[in-house]
Each structure stands twice: as C-alpha cells, then as structure tokens.
Amino acid sequence: MPLEALLWLIPFPPLAAFFVILLFTRSHRRLSHTVAIGLLAVSWLLAMVVIAGAVRTKGLAEHPIGSSVPWIPTGGTVLSIGTLVDPLGAVTLFFVAWTLLAIFIYSVGYHNFGQPRGEHDTPGLPPHGAHAKDANGTERAVPSVEPLYSRFFAFISLFAFGMLLLVVSDNLLTLFVGWEIMGLCSYLLIGFWYGKDSAKRAAVKAFLTTRVGDVFMLLGLATLYTQTGSLSYRTLFSHEVLAHLAETPSYIPGLSMAALAGLLLFMGTVGKSAQWPLHVWLPDAMEGPTPVSALIHAATMVSAGVYLIVRSFPLLTAGLEHGSSFTLSVIAFIGAFSALFAATIALAQNDIKRVLAYSTISQLGYMVAAVGIGAYVAAAFHLLTHAFFKALLFLGSGSVIHGVEHGVLHTGNHHIDPQDMFNMGGLRRRMPLTFATFLIGGLALSGFPLITAGFWSKDEILADAFGHGHLVVFLTLALAAFLTAFYTARQITLTFLGEPRTEEARHAHESVWTMTAPLVLLSVFAIAAGWVGIPEHFPGLGGLVPNWFHEFVGSTLGEVPEAVAFSAVPLLTSIGVAFAGLLLGWLVYRRVPAGAVDPVARLLGPVHSLLKSKYYFDEIYDFILIRPLRWFGETFVYQWMDRGLIDGVLHGIARLAAALGTFFRRAIDLPVINGFGDLVGASTKRAGQSLRVLQTGRVQQYLLIGLVNIVVVGALLFYLSALRP
Amino acid sequence: MVPLSWYLIVAAALFCLGLYGVLARRNSVAILMGIELMLNAVNLNLVAFWRYLAPARMSGQVFAVIVFAVAAAEAAVGLALIISLYRLRRTVVADEADLLRG
C-alpha cells in the first residue's frame, strides 16, 4: 500500500478506540485498556512504516509524502484537507508515537489495574486504597483501582487522535481541529478527578487560558485565508505567497500581513505551550493524573505549540528580506523570558510535579526562543529530545508518588502529602529502577554533557544564539540552564538521595512493571535521541556519526541552513552551567533533615517567598482580570442588564398584558360568555325540575294522561274537520 | 236484523269497561283482565264491520283470529310476569312494583 494511504489511517485507530470504549467496553477494564493500547499500537506501527519510508525517500522536503482532497467549498475557493509528512512531520510523528505508546502502557499500572476495588472509592476522586488479605491471611492496605479506569483510556485515546491528526495534517485548518480536540481532552483529563475542587478549577483555568491564545490563532488563520485563499502549508509557505504576504500592509501600521499573521499564530503557541504571560494554567494542570501530565502537559500537546511555530517558520521569517524582524524579536523575547522566569519559580516549588511543570514551561521557552533567533532546526531538535526526557521525568515522578502513596497506605497517616519532596528522601534504595531512569531524565534535562540527549539539543540552541550574535538571549538561556541544573539536582537529591525524611518514604515501594517498562523505554530515547544531531565540528565526537538531524530537518525549508560555526564559548558555557548547577544543587540539598526549612529559602528570604508564590501571577490576574470580569458578568450583565433592563422590559410587558387580560375577563368573559353558558345550563335544569313532577313512575297515570290527550286531540280534530266546508 | 250501531255501542261499552279496569284497578291481574276486555271489544268491532260492510272478504275474521292469538300470548306472558313479581315482592299491586324508580 502506498505511504500516502497509510498516512491517512494513522490518526483513526485511537478515535475508534474512544468510541468502542465509551459505547461498549466501559464496564470491562481489561478489555478497555486492551482496545486502547491495541489500536494505538496499530497507529504506532503505521507511523513507524511511514517514518521508515520517509527517511529513505530522497529529497523528502521537495516531494513530501501526502495527498489532499477538497473538503469545504467556500465560494470561489475550496478548503482542502490532507496529510503530509515532510522531515519535520516525520520527526514529530516519531516522538509522538513513541511517547503515546509508552504513556498508554504506563497508565495501566498507574491506575492500579489488577488491584481490588476500594471500599470508599467514588468516581471522580483518586482511589483511596483498599484492604486485602495477603497469603498469610493478615489484612493489609493495598492500592485500589481507579473507579473511572475505562473512561481514562477513552479520553487519552481521543487525545491521541487529536495529536496524530495535528501531526499528519497538511494544512492549518485540520491542525487547528486537532489542536482544539487536544484542548478539550486536556480539560477533561485535568478535571478527571472532578470530585476535587482544585481539579475542577484547574480544568476550567486551563481551558479558558488556552482559549485566549486559540482565539488569536483562529484570527491568524482567518487573516491568512482571506489573504491567500488557502491554509495548506505547501501553498501558504511558497515563495510567491510569502512575498505577497510580506508586501501587503496590515491593519496595524508598520506591520505586514505576514508579521501580523505570524504574531497571531504565535499567540496560539503562547497559550498552548504555556509561555509567559499565558503560562498560569500549566502548573495547575498537574491536578490531573500523572500520565496526563506526562502526555499532554509535557510531551505532546504543549509541544504542539512549538510545532506550530516551527512549522510556520517560513511565515515568521517572511518579513526579514524587508528588514522587519519584529515578529521574531517578540518570539525570542517571550521564549527567553519564559525560560528564565519559569526556571526561577521552579527553584522554590516543593511539589515534585510542579517543579517539572515549571521546568516544562522553561524548556518550551528554550524552543520558542530558538525559533525567535532563527535556529529552527535546534528548536525541532530540542522538541524531540525534550518530549522524551520530560515524559520520562513525569512518569518517574508518578512512580515516585505511587511509591510514597504505598508508604502512606502502610503507615495509614493520610496527612502526609505524597507529592511533597520534603517528605521523601532516600528513595534510591527502595525504588532503584525509578531512581536510575529518573536520574537519566534529570541529567538530560540539565544538559549533562555528552551522554544525554538534552545536552546536544540545548547546546545547539546556545551555540546558535551565540553564533548568530544574540548575546542577550544567549546569556538569558545560559542562566536558565544553570537554574535548570540546580533545581534538577535539588529534585533528585531531595527525592532519592540522603536518608528518608518520613516513615512513609521509608516504606516506599518500587512500582509494577507496566510503569517501569515505559520508564526504561523512554530513558533509552532520553540518551540516544541526541546522537542523531551531534554537530560535525564537535571536538572528538563530531563526524563520527553524521549530523543527520540537521540535514534532514533543515531540508524542510528548501535549503539546509548553514550549520553554525563551532565555538568553544557556548560549549564551555553549556558544560559549565550544567556541572555547576548540578553540583551546587547537590551540595545545598544533600543533608536536609526532616522538618527542615529549604536552605535556599533562608538564603534568599523574601525573594524565595516571591518565587514560591509564582511572582503572584495568579493573584495579579485575579485582581486585574478575573474580578473585573466577574463584576462585569455578575453585577453589570446579570444584575443590571439582564435582571434590570431586559427583565424589566419583559416584566413591564407581562404586567400590561396581565392587566389587559383582567379587564377582558371582568368585562367580557365573566358577564357575557360565562353568563350565557350558565343561563343555558340553569334554565335547562329549572325546566327539568318543573317537569319532574309529571314523571311519577305510575303507568296508570301515564295512560290516563295519554287518554286525556287523545280525547282532547280527537275532539280538536273532530271540531276542526267539522269547521271545514 | 240488528243494525251495526248496536254492535258498535256494545263494543264501545265493553272497551270503556276495560279501560276503566286498566286505569283504576291496583291489582295487576285486574289490569290484565281489563286489557283482555279491551282487546275483545276490538274483536267485536272487527267482526261486526266484516259482517256488515264486507262479508265477501275474510280479512276481518282473520284479524280477529290474530288478535285472539296475540291476546292469549299476552295473557300468558302477563300472568307469568305477575307471578314472578309476586314471588319477588309478595304483592300483585302495580304501584308497588317500583324497583326501577330512582
């Protein structure tokens, strides 16, 4: 079968899984996860076949695999839908397929498949654990299975459909459809434990915050469509169309249409990839189950934002020939700022998942900044490696939380927060496999030199920033890299090293194989994914393997961008900050006793509390946006406009109508119509009553009356006939 | 020969006697007897008219015979009803047979 046809099929098996689970297999857990994983594996297989074909194709960039069909006729033009795999698409499809598969399998273990049902578990709340008898007959607390187990798999299957649709799409419209499907799934899965108030709020917050970006993105699509009559990448990013867009002035003076559309699309990225100032939803999204955090809020959905700007890179650079680099400057600023900003917040978070959430914002900021400085291959490279190691870290943190929850079930002390890193410590002995894989992920995140994937991609971004003379961006990112290494060391040290700080951590337990196997799988990628992109001029290692990634992805643009010249400065910086951060983090946190204050909090004082409360962004948004909007909604629109004005008019009309009705009733209905009806009834009744006396029931009387009548009538007839002549 | 009017006068007298019995008597048997009288008065008229006005045709006699038959049947049914009423109510007074009265 040709690859074009296979490409069309990739997104649909998970969609089928969604419907099958919801409609048929919901009550059957094993069947539900078998359907979800099985059909995802079909998609995975198709994706691998397509990728294998794509990699072997010569000149894939000029002749990408794909086809399109007309979809919606709109007057003179037709909106087409289609599929496309070019080098960028192939790379994205690769990490999406692998992380989806790993996380689907992980979810089986994470939701305690095979464990008994909890006595107090209710749908919409995390399972509380159950009591079961072990082999010796003693009763013990064990984890209990998730009450809405099948529903979880249905939702992540739908999500997988959205993500695969986005990746294989050949136009911005179907990309947007997949984008919004993922937004919905994100909402549903953050609010998966809808019984928790915080989860409900987080779901609504995530949905509304990303909606802000999505509206701008839709405006961007509309701008592009009205200007060019097409949303297909191949039309849109052709030289003539881009030149036309770059020359057409927009509604805003000083901005070309290309710049305007680029900025609007970038707003979509800001929302979806949680960049400042729309970053607030991502940390709260950690209320969802951990596989969701790994899948949606680290590896795939938030990556879609970066994918979008990497994809529309030709559009963003369209203005460059005319000397307008405004769009790129905005992107570089937002990205670099988010990278540093989120890294500082991550320093002061104690929740193991929240640290990773801010780290995700920070790393996405790296990629956005890389696009902003024109290093589009580096951005795609970091997108690839980050998806693997961040999914790994999230799944590892889920495994850790599971382990500590095991300890909580053992001790029965439910006041211990199993996500607080200060309640952990020494877990390396209890959970060796999780420790090893988490260490690999953490080292990749902090850019540990040479062996981890994160080093190669991060180094490439730094080298590009330095090589192209963006010194401010370079310094910001280098500082962020230092902070990243520091908080990663803090996280690993607090969680796994030292001695257990609580009884719960002492009784933690290694997770089941369905959870650890994906960890191992992802940790392989977290190391090996970097080898495809080793720069040619790297001392020692360069040239041993060709810099395949640069050639392959770089060709998407038509011509491979010139690899940046090797310079020792960014390399040494990159190695230096990674080592310094890791070492410092380990030194500061290696001997934190139970109940101790964070040593950095003592050092930084008020700055630390500023970081801990996330620069009060939630409070500021609450003050300047949410409360005025609430007032506008509740007081102005509801109380004044709706109840006062509109209801007032309506009530006035109603009162008038009621008065008119009363008048008609009193003047016409009651006296005339009712009076007539009553009169007929009453007179009939009266007539009956007066005639009633005749009806005696005595036959003889009737006969008598008949006789009298006959006599009278006979007499009358006789008399009348006698009168006739 | 006796004129027709004499027969008619006798028949009318007989009819009035029967009618009086039907209207005035309380006993159901007596009422039934009154009806018989009235029927026979009619018979008398029928036979008289036949004899005097159309002796060649048999229809008058035939009518009389039919009335006999109907009278006999009526007497039989009427008496059966009265006996049945008597068994039920221990009375043969027509006014007291008021089961259907509201």
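Scroll up to find the structure.
(A) Here's a closer look at the overall build of chain B. Each helix and strand in chain B was counted, giving three helices and zero strands. Order of helices (α) and strands (β) in chain B, N terminus to C terminus: α-α-α. Along the three orthogonal principal directions, the C-alpha set of chain B runs to about 50 × 25 × 20 Å. Taking all 102 residues of chain B together, 26% fall into the buried category. Residue pairs at least 24 apart in sequence account for 59% of intrachain contacts in chain B once pairs closer than 6 positions are excluded.

(B) The interface of chain A and chain B, seen in detail. At the junction of the two partners, chain A supplies six residues and chain B supplies seven residues. A combined buried area of about 620 Å² lies between chain A and chain B, and 54% of that area is made up of carbon and sulfur atoms. For chain A, the biggest contributors to the area lost against chain B are R698(A), Q700(A) and L707(A); these three give 68% of the whole. For the interface between chain A and chain B, the tally reads two residue pairs in polar contact (both at pLDDT 80 or more).

(C) Fine view of helix α20 (residues 453-467) of chain A. All names here are of chain A. Spanning 15 residues, α20 covers 21 Å between terminal C-alpha atoms, matching the ideal 21 Å at 1.5 Å per step. Among the 15 residues in α20, 13 count as buried, and that is most of the element. A positive phi of about 80° marks G469, the residue just after α20.

(D) View of a nonpolar patch on the surface. All names here are of chain A. A grouping of W631, F632, V637, W640, M641, L645, I646, V649, L650 and I653 is seen on the molecular surface, where their side chains present a nonpolar patch of about 980 Å² in accessible area. Positionally, L650 belongs in helix α28 (residues 617-691). The partly exposed category is assigned to L650, whose relative accessible area is 48%.

(E) Expanded view of unusual backbone geometry. The omega torsion across W276(A) and P277(A) is 5°, close enough to zero to call that bond cis. Within the fold, P277(A) resides in the loop between α10 (257-272) and α11 (281-284). We note that Y616(A) has phi near 55°; this positive angle belongs to a residue other than glycine. Mapped onto the fold, Y616(A) is located in the loop between α27 (606-612) and α28. Residue classification places Y616(A) among the partly exposed residues on the basis of a relative accessible area of 40%. Unlike most non-glycine residues, R90(B) shows phi in positive territory, near 60°. With respect to the helices and strands, R90(B) occurs in the segment after α3 (59-89). In this structure R90(B) comes out as exposed when scored by relative accessible area, which is 61%.

(F) Seen up close, the side chain of T493(A). Residues and elements named next belong to chain A. Its location among the elements puts T493 in helix α21 (residues 471-496). On the basis of relative accessible area, T493 is assigned to the buried category, the value being 3%. Among the polar contacts made by the side chain of T493, one reaches the main-chain carbonyl oxygen of A489 at a distance of 2.4 Å.

(G) Structural detail: the packing of helix α6 (residues 172-190) of chain A against helix α13 (residues 301-311) of chain A. Residue and element names in this part refer to chain A. At a minimum axis separation of 10 Å, α6 and α13 run at an interaxial angle of 155°. In terms of orientation, α6 lies roughly antiparallel with respect to α13. Between α6 and α13 the crossing geometry is left-handed. Seen from α6, the contacting residues are L172, L175, W179, M182, G183 and S186; seen from α13, they are M301, A304, G305, Y307 and L308. Looking at the contact of α6 with α13 residue by residue, the class counts come to eight nonpolar, three polar and no charged.

(H) Region of interest: the packing of aromatic side chains. For the coordinates displayed, the defined rule picks out 35 aromatic pairs over all chains. Both rings, one in Y7(B) and one in Y52(B), keep their centres 5.8 Å apart while their planes meet at 55°; by these two values the pair is tilted. Taken together, the residues Y7(B) in helix α1 (residues 4-24) and Y52(B) in helix α2 (residues 28-53) connect sequence positions 45 residues apart. Judged by relative accessible area, Y7(B) falls into the partly exposed class, the value being 34%. We classify Y52(B) as partly exposed; its relative accessible area is 25%. If you follow R211(A) out to its NZ or CZ, it ends over the ring of F207(A), 4.3 Å from the centre.

(I) Representation of the environment of A41(B) in the model. All names here are of chain B. Considering the arrangement of structural elements, one finds A41 in helix α2. With 24 residues separating them along the chain, A41 and V65 place their C-alpha atoms 13 Å apart. Aside from chain neighbours lying at most four places away, what touches A41 is A11, L14 and F15.

(J) Seen up close, the packing of helix α17 (residues 376-411) of chain A against α20(A). All names here are of chain A. Where α17 contacts α20, the axes come no closer than 9 Å and their chain directions differ by 155°. With respect to their mutual orientation, α17 and α20 come out roughly antiparallel. The hand of the α17/α20 crossing is left-handed. Judged by residue contacts, V377, A378, F381, H382, T385 and F389 of α17 engage A453, G454, W456, S457, K458, E460, I461 and D464 from α20. Grouping the amino acids of the contact of α17 with α20 by side-chain chemistry returns seven nonpolar, four polar and three charged.

(K) Layout of the pattern of salt bridges. All names here are of chain A. A complete count under the given rule lists 14 salt bridges over all chains for this structure. Between K196 and E287 there is a salt bridge, and its shortest N-O distance comes to 3.3 Å. Taken together, the positions of K196 in the loop between α6 and α7 (197-228) and E287 in the loop between α11 and α12 (290-299) put the pair 91 residues apart, joining distant regions of the chain.

(L) Structural context of the pairing of strand β4 (residues 139-142) of chain A. Residues and elements named next belong to chain A. The sheet contact formed by strand β3 (residues 130-133) and β4 spans four bridges and is antiparallel. Residue pairing across strands places A132 opposite R140, the latter belonging to β4. Hairpin connection, β3 to β4: the antiparallel pair is bridged by five residues, and G137 has positive phi, about 90°.

Rules and cut-offs
Residues numbered from 1 in each chain as written. Chains lettered and ligands numbered in written order. Predicted model: local features only at pLDDT ≥ 70, side-chain atom pairs only at ≥ 80, totals over all residues. Heavy atoms only, no water. Helix = DSSP H or I, 4+ residues; strand = E, 2+ residues; numbered from the N terminus. Buried < 20%, exposed > 50% of the residue type's maximum accessible area, 1.4 Å probe, protein only. Contact = heavy atoms within 4.5 Å. Buried area = accessible area lost by both parts, 1.4 Å probe. Polar contact = N/O pair within 3.5 Å; in protein donor to acceptor, adjacent residues only side chain to side chain. Expected span 1.5 Å × (residues − 1). Patch = residues over 30% accessible without salt bridge, like charges linked within 9 Å, V, L, I, M, F, W, Y side chains within 5 Å. Areas by Shrake-Rupley, 256 points an atom, 1.4 Å probe, with all protein chains shown as cover. Salt bridge = Lys/Arg side-chain N within 4 Å of Asp/Glu carboxyl O. Axes fitted to C-alpha atoms, helices over the stretch in contact; angles between N-to-C directions. Parallel < 35°, antiparallel > 145°, perpendicular 65-115°, else oblique. Left-handed = near helix turned anticlockwise from the far one by under 90°. Nonpolar A, V, L, I, M, F, W, Y, C, P; charged D, E, K, R; others polar. Phe/Tyr/Trp six-rings, centres within 6.5 Å; stacked < 30°, edge-to-face > 60°. Lys NZ or Arg CZ within 6 Å of the ring centre and 35° of its normal. Pairing = 2+ DSSP bridges.

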